[in-house]
Amino acid sequence: MKLALAAGALLVVSCGNPHKETLQQNADFACNDRYASYMVSGSLAAAEVGVQVDCAEHGPRVTRWTVTADGNREEYSGSLGVNEFDRLWDKIDGAGWRYLKDCDGTGQPEDPVYTFDVKDWNGSVSFSCTNAGPLPYPYNTLVDELDFKAAAAAPKDRSKPDPDELD
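Residues numbered from 1 in each chain as written. Predicted model: local features only at pLDDT ≥ 70, side-chain atom pairs only at ≥ 80, totals over all residues. Heavy atoms only, no water.

### Comments concerning the nonpolar core
- Counting 33 residues, the largest nonpolar core has Y38, V53, I92, Y114 and F116 as its most contacted members.
- Elements with a minimum of two residues in this core: β1 (35-41), β2 (48-54), α3 (82-94), β5 (113-120), β6 (123-130) and α4 (139-153).
- The contacts of Y114, once residues within four sequence positions are left out, are Y38, M39, V40, F127, S128, C129, N131, L135 and V143. (Core = buried A, V, L, I, M, F, W, Y, C linked by side-chain atoms within 4.5 Å. Buried < 20%, exposed > 50% of the residue type's maximum accessible area, 1.4 Å probe, protein only. Helix = DSSP H or I, 4+ residues; strand = E, 2+ residues; numbered from the N terminus. Contact = heavy atoms within 4.5 Å.)

### Observations regarding α3
- A rise of 1.5 Å per residue sets the reference length of α3, with its 13 residues, at 18 Å; its end C-alpha atoms lie 18 Å apart and thus fit the reference within 8%.
- Where α3 is concerned, the buried positions are V82, F85, L88, W89 and I92. Buried residues of α3 fall within an arc of 125 degrees about the axis and therefore sit on the same side. Across from the buried face of α3, at angles greater than 90 degrees, the exposed residues are R87, D90 and G94. (Expected span 1.5 Å × (residues − 1). Arc of directions from axis to C-beta.)

### As for the state of the cysteines
- A complete count under the given rule lists two disulfides for this structure.
- Disulfide pairing is shown between C31 and C55; the S-S distance is 2.0 Å. Handedness here is read from the sign of the S-S torsion; for C31 and C55, about 90 degrees, the answer is right-handed. Of this pair, C31 sits in the loop between α2 (20-28) and β1 while C55 sits in the loop between β2 and β3 (61-67), and the two are 24 residues apart along the sequence. In this structure, C31 and C55 share a single accessibility class: buried.
- Disulfide pairing is shown between C103 and C129; the S-S distance is 1.8 Å. (Disulfide = S-S within 2.5 Å.)

Keep in mind these values describe shape, not function.
The following block contains the structure:
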């Protein structure tokens, strides 16, 4: 019996905390004032739609909002893991946000207007793009990556069955 207890104790000590790696990653995380957002006005989805990622106040998170024509605002936020946030930031950084300026003006006055704000500890930029069709590269990269994270963080609608449950 004593041998079994000793073996069990040794097993627990040798395995350690299963969350140790995650705790270490969180401890090593440097927010560096990173923030990225886009807002589109005049789209088919709503009068205003926006997504932002940041890490300064509540750790890495994504927030998505919509504002209807009558002023009703709906918003949700979701947490991001530190590695997930860093991978997203690598994609944002890879789009060359520091060098982006307003689009070349190919849109018409009635087209949706995309407004971007991106910053980190080294600086910040704001720029816009008016376009009815797909946004040009690399502006589309910023929108797509932020939308992917917002969709993953969206609350699930439990009134609809999960596709896996339809079998």
